[in-house]
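# A look at the structure
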Amino acid sequence: QVQLVESGGGLVQAGGSLRLSCVASGRTISRYPMGWFRQAPGKEREFVAGISVTGGSTSYADSVKGRFTISRDNAKNTVYVQMDSLKPEDTAVYYCAADRRFGTSSYVPRLLNEYDYWGQGTQVTVSS
């Protein structure tokens, strides 16, 4: 079992930047693809960004491509997402997730049902 704890959320102005962190405990995440999802009130949880086991491959939702950057530090058991040029539409609760199932070292899952472990979420609010 893996426990995930997000941090770094808060209130920022449009055009600003924020860096979210996700620290894992219970076991190493070095063999797990990792991802970030977000959910706004009344809307479905949606994929934001994902990263392969070694960090060699990444995937992004079209809405954040070019603005967000996902990375990982397996030695620290941590995954990050750097969010730049934030927009009010980015306002949501952001969740960190881990996929424990088998895959190639370059695989990046994008679907909700591909992930097994979830953090509690951290609120990101972007004001205009």
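Below is a short write-up of the structure. (Residues numbered from 1 in each chain as written. Predicted model: local features only at pLDDT ≥ 70, side-chain atom pairs only at ≥ 80, totals over all residues. Heavy atoms only, no water.)

## Topic: the state of the cysteines
As a reminder of what qualifies: Only a pair of cysteine sulfur atoms within 2.5 Å counts as a disulfide in this structure description. Only DSSP runs of H or I reaching four residues or more are called helices, and only runs of E reaching two or more are called strands; each is numbered from the N terminus. Whether a residue is buried, partly exposed or exposed follows from its accessible area with a 1.4 Å probe, protein chains only, as a fraction of its type maximum: under 20%, in between, or over 50%, in that order.
Under the defined criterion, the tally for this structure stands at one disulfide. A disulfide bridge connects C22 with C96, and the sulfur atoms are separated by 2.1 Å. Judged by the torsion about the S-S bond (-80°), the C22/C96 disulfide is left-handed. Here C22 is found in strand β3 (residues 18-25), whereas its partner C96 is found in strand β9 (residues 92-98), with 74 residues between them in sequence. Relative accessible area serves as the criterion here: at 0%, C22 is assigned to the buried category.

## A closer look at the sheet that holds β3
Counted only if it meets this: DSSP-based pairing: two strands are paired if at least 2 bridges between them are found. Lines fitted to C-alpha atoms define the axes, with helix axes restricted to the stretch in contact, and inter-axis angles between N-to-C directions lie between 0 and 180 degrees.
Here four strands make up an open sheet; going across it, the order is β1-β3-β8-β7 and the pairing antiparallel. Strands with a single pairing partner mark the edges of an open sheet, and in this sheet they are β1 (3-7) and β7 (68-73). On average, adjacent strands in this sheet sit at an angle of 15° to one another, irrespective of strand direction. With six bridges connecting them, β7 and strand β8 (residues 78-83) associate as antiparallel partners. Opposite T69, over in β8, you have Q82 as the bridge partner.

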